[in-house]
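This is what each chain is made of:
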Amino acid sequence: MKIYDLFRLCVSNLWKRKLRSVLTVLGVMIGTTSIVVMISIGVGLENIQEEQISSYMDITTIQVYRTWGDENAAKLDEESLGIIKKIDHVKAATPYFSYYFDVGDYSNYRMTSGRYTYSGSVYVVDLSMMADLGYELADGRWPTAKDENVIMFNENGPYNFIDSTKETWSSGAYDSQGNKKPLPVDPLRKRISMQVQYNQFDETGNLKTYSGDIRQHKLTSPGIIKGDSSKDYGQAIAYIDYKFFANLKEEYYKVNGLKMTNNDKMFDQVYVKVDDIENVADVEAQIKELGFDTWSAEQMRGQMSDMMQTVQLVLGALGAVSMLVAAIGIANTMVMSIYERTREIGVMKVIGCRLGDIRAMFLTEAACIGMIGGICGLILSHSLSIVVNIVMSSMMGSTGDISQIPLWLDLLGFGFSILVGIISGISPANRAVKISALSAIRQE
Amino acid sequence: MEEVVSNQDKKVIIKVEGIRKVYNLGQEKVIALDNIDLDIYKGEILCIFGTSGSGKSTLLNMLAGLEKPTRGSVMIGKTDITKLNESQLALFRQKHIGFVFQSYNLLNIMTSLENVAMPLMFKGIDKKTRNRAAKKMLKEVGLENRLNHKPNQMSGGQQQRVGIARAFVGNPKIVFADEPTGNLDSKTTIEVMELMCRMSKEHEQTIILVSHDPEIANYADRIVHLIDGNIKSIKVNDKNNRNEGKENEE
């Protein structure tokens, strides 16, 4: 028997018993709707929560710390950075630690532009990784391999330049009226330079004078990085390339007559960006195995996600109860239909219908009821979801949609309703197959 | 048991050997068929004749593979159908057997065209081809202007003609007819019987007819008379005889 014929026969049989078919479909529709809507609320809650977490922290970043004080501990240096970069699903890895530059004598480095001196945080990073870490440009371009002595500011970073003759610290980007002030130094146009400081003191606490010359490094600033509240706490920051900084550090030790140990060459901290949230836990575990301490939002998120999955499961199970009732409805309808059609089935067998076709006929009918119920249920679910979201947002303010139906949930609902149809149809279909051709003819 | 004539020159299509059927009704055993041996020839019309309870319907069921005998074999061609399982039997029926029922047994949700085309649908023949064959068949039984009528819009005689068209549409080797005219008046009975005989002769098909009515039996080439599960006689019914019978009736 051709599939086309199977479907045509199925449709005309369902159509012949319209009322009963519609009632059974209604049951499946309610079952599908209750499952889909319940799970959609679970999905909505999880997404709202995830949005909230990612609004104040980058959830795909792992922070790796240097182990202090233990000589035998794993060394967070260029070599380990290379190993970390090779772990699967690692999108980018960069040294990531900060220094505070200021105008005072204790600052080891000084960055100046004309009469302005930088007084604020400087983050030591691999600038070539910034785009992969999720930083965006506000202006200019990312540095290339040709650029030397690179420093980049984020949008508020240049406000850390202060006129040391007038101010002792930065007064920020906004004036007292809340308007943005003009930039003290435009990094894309003004010349900026960097110098290590000689800050050795004598016994009485007075700064010693340095006899030699200290080199002025001319800095390149090819672009401005966009400010992002989820990164670096939304601070005003300058980012300096870690290789350039390593040279500066070496220079500082030399100028000050200090001996540089291997420990001094290590990174305080490394940031690792993972391609997807789902892989964060796995990558983090691998880094821990290398012997480093780590932190990521994953630990927190993982617990919340587990909880949310339980919520989804419970909600789905509640919905499944009505699907079970619908399944019983389908089975009942099919059994009734087979009782009524005993003779018809017998006749079909006598005139050459094969057993497989009889079974296929009834399974198709049951699957069809499931499918139509599923489609109607999805339409109803989407409508209900819209209503729930409107009602909830008007009650609780806009915190995002509380009921969300992703595509996978649509497919799940659709597939599940067909599956329920088929499963409910199996036993009745087998009953139909067992009907004896003979008794069908005798019954008169 | 008296065998009048044997047709040596004809080809045997069904060979029944030592069929016995016993029903267990509670403690009691009912012997429906005692011991039946029978050869049925290709292209003949055979009537299994007997009163109710003689075992004629049981024999038909055995021949058509609807029921298994307690012992004995039914060879159709080279196949012993008593050895086939349910799905093999379904396939066998699909290929070789047509069936005409007393109560027509047409599907009410379908038109007469669809009813006739149904056995071909089960064979997996596409709609266009099978509808062409069904249309041709309905024309042969004189219902070319009833193609799209549902069974409940037709008279008994018309319904049975649809039933006959359905039985013959797949060009089966053997057509079984269980009291095909049992629900029809005498005028329609004659029409239906003549139709069946004509169609079977045209395609050299074997018809096995079950009836308790001597008028019907008269249409057959041979009449097997069954009493209490045994063959009492097998009579050859030649053409002259049949015409005589008709004249007598008028």
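Caption draft 1: Local environment of the overall build of chain A. On a plain count of helices and strands, chain A comes out with ten helices and 14 strands. When the 444 residues of chain A are sorted by exposure, 47% land in the buried category. If you take every contact in chain A between residues at least 6 apart in sequence, the share linking residues at least 24 apart comes to 80%. Split by element, the accessible area of chain A, about 22500 Å² in all, is 57% carbon and sulfur.

Caption draft 2: Seen up close, the packing of aromatic side chains. All names here are of chain A. Applying the stated criterion across every chain yields a total of 19 aromatic pairs over all chains. When the ring of Phe-101 is compared with that of Tyr-109, the centres are 5.7 Å apart and the planes differ by 25°; the resulting orientation is stacked. Plain terms: the ring middles of Tyr-118 and Phe-153 are 5.8 Å apart, the flat faces sit at 55° to each other, and that makes the pair tilted. Taken together, the positions of Tyr-118 in strand β4 (residues 116-118) and Phe-153 in strand β7 (residues 151-154) put the pair 35 residues apart, joining distant regions of the chain. Pair check on accessibility: Tyr-118 and Phe-153 agree, each one buried. One aromatic cluster in this structure is built from Phe-97, Tyr-99, Phe-101, Tyr-109, Tyr-242, Phe-245, Tyr-252, Tyr-253 and Phe-267.

Caption draft 3: Seen up close, the sheet that holds strand β10 (residues 217-218) of chain A. Residues and elements named next belong to chain A. Reading across from one edge, β8-β4-β3-β9-β10 is the order of the five strands in this open sheet, with antiparallel pairing throughout. Sheet topology places β8 (161-163) and β10 at the edges, where each strand pairs with a single neighbour. In the sheet, strand β9 (residues 193-196) pairs with β10 via two bridges, with the strands oriented antiparallel. The residue of β10 that forms the bridge with Ser-193 is Lys-218. Along the sheet, helix α4 (residues 242-255) makes contact with β3 (109-113), β9 and β10, crossing β9 at roughly 40°.

Caption draft 4: Representation of the pattern of salt bridges in the model. Residues and elements named next belong to chain A. Considering all chains together, one arrives at 21 salt bridges over all chains under this definition. Between Glu-340 and Arg-17 there is a salt bridge, with the nearest N and O atoms lying 3.0 Å from each other. Of the two residues, Glu-340 sits in helix α6 (residues 298-340) while Arg-17 sits in the loop between α1 (3-16) and α2 (18-56), which places them 323 residues apart along the sequence. A relative accessible area of 14% means that Arg-17 is categorised as buried. Members of the salt-bridge network, linked through shared partners, are Arg-17, Arg-20 and Glu-340.

Caption draft 5: Region of interest: the confidence of the model for chain B. Per-residue confidence for chain B averages 87 on the pLDDT scale, and 92% of its residues sit at or above 70. Across the interfaces of the predicted complex, the ipTM metric reaches 0.86, alongside a pTM of 0.68.

Caption draft 6: Representation of the interface of chain B and chain A within the structure. Of the residues lining the interface, 28 residues belong to chain B; the matching set on chain A comes to 27 residues. Taking both partners together, chain B and chain A bury about 2500 Å²; carbon and sulfur atoms supply 64% of that area. Here chain B is connected to chain A by two salt bridges. The residue A:Asp5 makes a salt bridge to B:Arg130 at a minimum N-O spacing of 2.7 Å. The interface formed by chain B and chain A includes seven residue pairs in polar contact (both at pLDDT 80 or more). Within the residue set of the side of chain B that touches chain A, elements represented by two or more residues are α2 (86-96), α3 (112-122) and α4 (127-140) of chain B. Sort the elements by how many residues they give to the side of chain B that touches chain A and α2(B) lands first, with six residues. Across the side of chain B that touches chain A, the residue classes break down as 14 nonpolar, six polar and eight charged.

Caption draft 7: Structural detail: the confidence of the model for chain A. On average, residues of chain A score 86 in pLDDT, and 98% of them reach the 70 mark or higher. Looking at the elements of chain A, mean pLDDT is at its lowest for helix α10 (residues 437-442) of chain A, recorded as 70, and at its highest for helix α9 (residues 407-434) of chain A, recorded as 93.

Caption draft 8: Representation of the nonpolar core. B:Ile14 and B:Leu63 are the most contacted members of the largest nonpolar core, which has 78 residues in total. With eight residues, the single largest contributor to this core is helix α8 (residues 355-396) of chain A. Residues contacting B:Ile14, with those up to four places away along its chain left out, are B:Leu38, B:Asp39, B:Ile40, B:Leu63, B:Val74, B:Met75, B:Ile76, B:Ile174 and B:Ile208. By size, the runner-up hydrophobic cluster in this structure holds 43 residues, among which are A:Ile84, A:Tyr116, A:Ile151 and A:Val270.

Caption draft 9: Local environment of helix α6 (residues 186-202) of chain B. Residues and elements named next belong to chain B. Between the first and last C-alpha of α6 there are 24 Å, a value that for 17 residues agrees with the 24 Å anticipated at 1.5 Å per step. Here the buried face of α6 lies against β4 (45-49), α4, α5 (156-168), β8 (174-178), β9 (206-211) and α7 (214-217). Positioned one or two residues after α6, Glu-204 has a phi angle of 55°, which is positive.

Caption draft 10: Spotlight on a nonpolar patch on the surface. Among the surface-exposed residues, A:Phe416, A:Leu419, A:Ile422, A:Ile423 and A:Ile426 lie close enough to one another that they form a single nonpolar patch of about 420 Å² accessible area. Structurally, A:Ile422 can be placed in helix α9.

Caption draft 11: Looking closely at the sheet that holds strand β5 (residues 71-76) of chain B. All names here are of chain B. With respect to topology, four strands assemble into an open sheet ordered β3-β2-β5-β6, the strand pairing being antiparallel. Each edge of the open sheet is held by one strand with a lone partner, namely β3 (28-41) and β6 (79-80). One ladder, built from ten bridges, connects strand β2 (residues 12-25) with β3; its direction is antiparallel. Across the sheet, residue Tyr-23 finds its bridge partner in β3, namely Val-30.

Caption draft 12: View of α4(B). Given a rise of 1.5 Å per residue, 14 residues ought to cover 20 Å, and the 20 Å separating the end C-alpha atoms of α4(B) matches this to within 8%. Tucked inside the fold, the buried residues of α4(B) contact α1 of chain A together with α3, α5 and α6 of chain B. The backbone nitrogen of B:Lys128 has a side-chain oxygen 3.2 Å away, supplied by the residue at the start of α4(B), namely B:Asp126.

About the criteria used
Numbers given to residues run from 1 along each chain, matching the order in which its sequence is written. Here the convention is simple: chains get letters from A, ligands get numbers from 1, in the order in which they are written. Residue-level local features of this predicted model are given only where pLDDT is at least 70; pairs of side-chain atoms are given and counted only at 80 or more, and the full residue set underlies all totals for whole chains, interfaces and linings. Only hydrogens and water are removed before side-chain values are computed, so all heavy atoms of the structure are retained for them. Under the scheme used here, helices are H or I runs from DSSP no shorter than 4 residues and strands are E runs no shorter than 2 residues, and both carry numbers assigned from the N terminus. Buried residues are those whose accessible area, probed at 1.4 Å on protein chains only, stays under 20% of the maximum for their type, while exposed residues exceed 50% and partly exposed ones sit between those limits. Note on contacts: a residue pair is in contact if any heavy atoms of the two residues lie within 4.5 Å. The Shrake-Rupley method, run with a 1.4 Å probe sphere, supplies the accessible areas, and residue values consider only the shown protein chains as cover. For Phe, Tyr and Trp, rings pair up if their centres lie within 6.5 Å, where Trp contributes its six-membered ring, and each pair is then called stacked (planes under 30 degrees apart), edge-to-face (over 60) or tilted (otherwise). Pairing between strands is defined by DSSP: at least two bridges between them are needed. The angle between two axes is taken between their N-to-C directions and runs from 0 to 180 degrees, where each axis is a line fitted to C-alpha atoms and a helix contributes only its stretch in contact. For this analysis, a salt bridge means a side-chain nitrogen from Lys or Arg found within 4 Å of a carboxyl oxygen belonging to Asp or Glu. pLDDT is defined as a per-residue confidence score from the predictor, taking values between 0 and 100. Accessible area that two parts lose when put together, with a 1.4 Å probe and added across both, is what the buried area reports. We call two N or O atoms a polar contact when they sit within 3.5 Å, provided that within protein one can donate a hydrogen and the other can accept it, with sequence-adjacent residues counted only if both atoms are side-chain atoms. Classification convention: Asp, Glu, Lys, Arg as charged; Ala, Val, Leu, Ile, Met, Phe, Trp, Tyr, Cys, Pro as nonpolar; all other residues, Gly among them, as polar. What is meant by a nonpolar core is a set of buried Ala, Val, Leu, Ile, Met, Phe, Trp, Tyr and Cys residues, joined one to another through side-chain atoms within 4.5 Å. Every helix has an expected span of 1.5 Å times one less than the residues it contains. Two distance rules govern patches: like charges are joined within 9 Å, and nonpolar side chains (Val, Leu, Ile, Met, Phe, Trp, Tyr) within 5 Å, applied only to residues with over 30% relative accessible area and no salt bridge.

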